[in-house]
Amino acid sequence: MAGVGVDPTEPVSSRLFGSLARAQYAAVLALRWRLLVNSLRSSQGAFELGAKILSVLLYLSIGFSMAIGFGFGAYGMASEGEWKLLPILIWGVFVIWQVLPILHISFKQQFDLNILLRFPVRFGSFFALTLLFGISDPSTIFGVLSLLGIWLGISAVNSALALPLAALFLLYAAFNILLVRTVFAWIDRWLAQRKTREVVSVIFFACILSLQFFNPVWYTNDTNSMAHGTHGLSPALLHIVHVTSQYQRWLPPGAVGMAVRLGGVNGGYALLLSQWTALLVAYTLVIVALLVLRLRAEFRGEILTDGAPARKLQTQVVRPLRQAIELPEAQTAADSARGVVIAVISKELSIMKRSAPILYTIIAPLIPCLLLAWKFMRGAVVAGFSSPLVMPACIAFTLLGFINLISNLFGTEGVGIQLYFMAPVRLRSVLLAKNLFYGALMMIEVVVVGLMVSLRMGLPHIDSLLTTIFWVLFALPCYYAAGNLLSVQFPYKMNLGRIGKRGAGSQANGLLSLLVQMVVTGIGASVLVPLALLGRLWIAVPILMLLAVGAIVLWRFSLSAAEKIAQQRMEKLTGIFARAD
Amino acid sequence: MLTPAIETRSLTRKFGDFTAVDNLDLSVAGGQFFGFLGPNGAGKSTTIKMLTGLLEPTSGEMYIFGERFGANALELKRQIGVVPEGMALQGRLTASEYLNFVGRMYGLDKATTKMRAEELLDFMQLADEPKKLITDFSHGMQKKLALAAAVIHGPKLLFLDEPFEGVDAIAARMLKILLTGMIQKGATIFLTSHVLEIVERLCSHVAIIHQGKLVANGSLEELRAGVPSAAGEKLTLEQIFLGIVGGGEANTQELSWLA
Ligand SMILES: Nc1ncnc2c1ncn2[C@@H]1O[C@H](COP(=O)(O)OP(=O)(O)OP(=O)(O)O)[C@@H](O)[C@H]1O
Ligand SMILES: [Mg+2]
């Protein structure tokens, strides 16, 4: 038949690049393109695109500075033949690539490729497309550019290595991209069940707490006894390299380091033929297999859910309602506001309990705080960052995890947001409730981090403690004020079920809240750092106190301002969550 | 004359240049079971959204129980129950959690909310799976839950956008019992549905909207009188509807490539 396109006699599941598959790739790309073009019809969509471009530029510039740093590092090591130090850089790339997405997950919904499942799409195509979308993650950009830097650095010294090294690094990049996906796919799988969710949280907290208690015992006499290092690297780092080198080489980044080292010493293609490259290939294959396992399940139409079993169905008889359902007496405004606040808080709690991404966001920032507190245990001073500031720094970082949540307060609602416009409630009560809910969570976390840091470093000085408290009282209301406005101005649908399903959402929201964080942190730092360096931290207390008062006034104002905006933008707000997409 | 439960004056809603609801003048007396009909895209849901505070009218006025209705008419909203077009459920709650949430939002105290939630779940046959998330409910189960949520606070005026869509025969009968019960107690119900037999059986008054404009309004008898029919024949609502909206001549053009 003419004009139908794909030859209907060709078997459907023939090849990854058969005519049907190619037509499908083209259709998906065209779909993405149409979605983009259609989104530009609204000014919000245009704004989004602008913000997206801006954030990619931002990521690129951060990535390029990383690349330069890594490049010079690699150049230095290669030119001095210090190949054994190279694993530091390779591990660095690995950490950036893997840890960044773990620390900062987003709730933005991905362009959901599961829509493909009802079409005659073969698994290979599904797999390829899944990998393709999401390649513009910041962590991928950073990782690729950093690797590029290392490659340039080494190739500049030893041009014979350039080609084999490029091949090796391509493989390493593929390994990293696949690993991120695999990790998230499996985390989702595990966290989808309530049981594992609970078990994982308990184990996690137990680990954190026990780490706190045992660390001092393990590391009582480490750094002092170590030889002073070369190349200005901190002795601690060299020590770590030294101690761990026989183990880390068996891990993928270490294997890459070993392969490069072989290449550097023996020249050229020895690198590619080494057992270390083979090891990396093996790792990559294992990761691919694990990812295929997960995506196959998804491809077959798996839906991750708690899957509460049904009780035995009772016989269906219509029973009349026992009591008349009547309109209650009207309440006073204060009473009903109180009721609304309580209702919203308990609802948020139920949702949080079940949402792996929310739980995860709240817990993840605790990890680096631990590491930081550990590093500063002996009052070490690094780049003007003296230890009285560790507490505020840790706490500031902890709070960052919440930013996504408090900048998109209605993201947890979905279509349910309509209720707030139908029910007899003031939106400011709803916002207040959500602010209180996350505020309480943040406070709990601040106290936990505070305790952890104190356990590591001893009780903080009273200056440090007071500055921290007032810093929190300043920063939190600022974040909330901004969050309330962003929530009604740039809301986006959140994916509360899956961590691994990330992707394009509201770039504008993300960028603006990042800006707010930078400004708030900047103000705080410009007060704290000079005073800490001068050893006059106590002066910061009254200044922060004043700032805190200002911030709280601002927050109060933001509640009614956000309510007003929400009422004006009601259709946009309900539309974003209610409409099919 | 009693104040009508719902009254609109020149109610208009535009989306850009497109007029979805065009100068609608509607009056629904208290205690009426009112059916609001029209073909797809006629403007029914848009009207309900405006009357329940989910959408701002472009122009015109709305009065509920004689009082002007708007976004800040909290006391009026308290007396209204809604099953909106999208059902407005919270996917990641259980049915009972959701009902408890809604009850509190409408100002019920905790104990009453809990009691009514349990009873409604029982009534709607949704109590069998207390741990299941709403997101995992079937479509019909979600509809029933949305209806339970709309009546938990005992509204005097109920707006239902296609409550019968997707519910089984048992549930439909249950709904009918519930709704007629509410009417008997003096509530007013404003309902849209494409299931004309149900509307015919339940509703005392019917209005038909077509391309945003009101084209018929009155009791079933009044509507019948307006449509020509063979002598002695008693027209069904479907015949009346097709007669007024003009879908009589079916589209005979075939899609030749369909098997
Ligand atoms: N947010 C919107 N933006 C633009 N047009 C809209 C919007 N909402 C509704 N419309 C248009 O208004 C008209 C009426 O829509 P409405 O949803 O009220 O129809 P309906 O009578 O409920 O139809 P159905 O029986 O299919 O539910 C339609 O043409 C629809 O496309
Ligand atoms: Mg409709």
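The rules behind these values
- Residues numbered from 1 in each chain as written.
- Chains lettered and ligands numbered in written order.
- Predicted model: local features only at pLDDT ≥ 70, side-chain atom pairs only at ≥ 80, totals over all residues.
- Heavy atoms only, no water.
- Helix = DSSP H or I, 4+ residues; strand = E, 2+ residues; numbered from the N terminus.
- Rg over C-alpha atoms; globule rule 2.2 N^0.38 Å.
- Buried < 20%, exposed > 50% of the residue type's maximum accessible area, 1.4 Å probe, protein only.
- Contact = heavy atoms within 4.5 Å.
- Areas by Shrake-Rupley, 256 points an atom, 1.4 Å probe, with all protein chains shown as cover.
- Lys, Arg positive; Asp, Glu negative; His and termini not counted.
- Charge placed at Lys NZ, Arg CZ, Asp CG, Glu CD.
- Pairing = 2+ DSSP bridges.
- Axes fitted to C-alpha atoms, helices over the stretch in contact; angles between N-to-C directions.
- Core = buried A, V, L, I, M, F, W, Y, C linked by side-chain atoms within 4.5 Å.
- Near = heavy atom within 4 Å.
- Polar contact = N/O pair within 3.5 Å; in protein donor to acceptor, adjacent residues only side chain to side chain.
- Nonpolar A, V, L, I, M, F, W, Y, C, P; charged D, E, K, R; others polar.
- Domains from an automatic or database assignment.
- Buried area = accessible area lost by both parts, 1.4 Å probe.
- Salt bridge = Lys/Arg side-chain N within 4 Å of Asp/Glu carboxyl O.

Considering the overall build of chain B
- For chain B, the helix and strand inventory stands at 9 helices and 10 strands.
- Relative to the globule expectation of 18 Å for 259 residues, the C-alpha radius of gyration of chain B, 19 Å, shows essentially globular dimensions.
- Overall, the C-alpha framework of chain B stretches about 55 × 55 × 40 Å when taken along its three principal axes.
- Buried residues in chain B amount to 56% of all 259 residues.
- Of all intrachain contacts in chain B linking residues separated by at least 6 positions in sequence, the fraction that spans at least 24 positions is 65%.
- As displayed, chain B offers around 11200 Å² of accessible surface, 51% of which is attributable to carbon and sulfur atoms.
- Taken as two groups, the 25 positive and 29 negative side-chain charges of chain B have centres that lie 6 Å from each other.

Remarks on the overall build of chain A
- In terms of regular secondary structure, chain A is built from 21 helices and 0 strands.
- Among the 581 residues that make up chain A, the fraction classed as buried is 46%.
- In chain A, of all internal contacts separated by at least 6 residues, the share reaching a separation of at least 24 is 83%.
- Carbon together with sulfur atoms contributes 71% to the accessible area of chain A, which is approximately 28100 Å² in total.

Concerning the sheet that holds strand E5 (residues 67-68) of chain B
Residue and element names in this part refer to chain B.
- Here we have 4 strands laid out as an open sheet, ordered E2-E1-E4-E5, and antiparallel in their pairing. The open sheet is flanked by strand E2 (18-28) and E5, the only strands paired with a single partner.
- Judged from the 5 bridges that link them, strand E1 (residues 6-15) and strand E4 (residues 59-64) form a sheet pairing that is antiparallel. Looking at the pairing, Thr 12 lines up with Ser 59 of E4.
- Contacting E1, E2 and E4, helix H1 (residues 44-51) crosses the sheet at an angle of about 115° to E1.

Structural notes on helix H21 (residues 570-578) of chain A
- Those residues of H21(A) that sit buried are Met570(A), Leu573(A), Thr574(A), Gly575(A) and Phe577(A).
- Looking at the packing, one finds that the buried side of H21(A) touches helix H16 (418-422), helix H18 (462-489) and helix H20 (540-568) of chain A.

A few points about the nonpolar core
- Membership of the largest hydrophobic core comes to 160 residues, with the highest contact counts inside it found for Tyr438(A), Tyr98(B), Met105(B), Leu145(B), Phe159(B) and Phe190(B).
- Apart from the residues within four sequence positions on either side, Met105(B) is in contact with Val340(A), Ala343(A), Val344(A), Leu419(A), Tyr420(A), Ala423(A), Pro424(A), Val425(A) and Val430(A).
- By size, the runner-up hydrophobic cluster in this structure holds 53 residues, among which are Phe175(A), Phe184(A), Ala185(A) and Ala255(A).

Examining the site of ligand 1
- Of all residues adjacent to ligand 1, which total 15 residues, the nearest are Gly41(B), Lys44(B), Ser45(B), Thr46(B) and His194(B).
- With respect to ligand 1, its neighbouring residues span chains A and B.
- One of the backbone N or O atoms of Ala42(B) is found 3.2 Å from an oxygen atom in ligand 1.
- In this structure, an oxygen atom belonging to ligand 1 sits 2.9 Å away from a main-chain N or O atom of Gly43(B).
- When ligand 1 is considered free in solution it has 630 Å² of accessible area, and contact with the protein chains removes 67% of it.
- Of all the secondary-structure elements, those providing two or more residues to the shell around ligand 1 are E2 and H1 of chain B.
- Sorting elements by how many residues they give to the shell around ligand 1 places H1(B) first, with 3 residues.
- Considering only residue class, the shell around ligand 1 consists of 5 nonpolar, 6 polar and 4 charged.

Quick notes on the domain arrangement of chain B
Residue and element names in this part refer to chain B.
- As far as domains go, chain B holds domain 1 (6-79 + 155-245) and domain 2 (89-154).
- Using C-alpha coordinates to define each centre, domain 1 is positioned 25 Å away from domain 2.
- Each side of the interface is counted separately: domain 1 has 17 residues, and domain 2 has 13 residues.
- Summed over both partners, the interface of domain 1 with domain 2 buries about 1300 Å², with 73% contributed by carbon and sulfur atoms.
- Three residues stand out in domain 1 for area buried against domain 2, namely Pro 155, Met 174 and Leu 178, and they jointly supply 40% of the buried area on that side.
- Run the count over domain 1 and domain 2 and you get 1 salt bridge.

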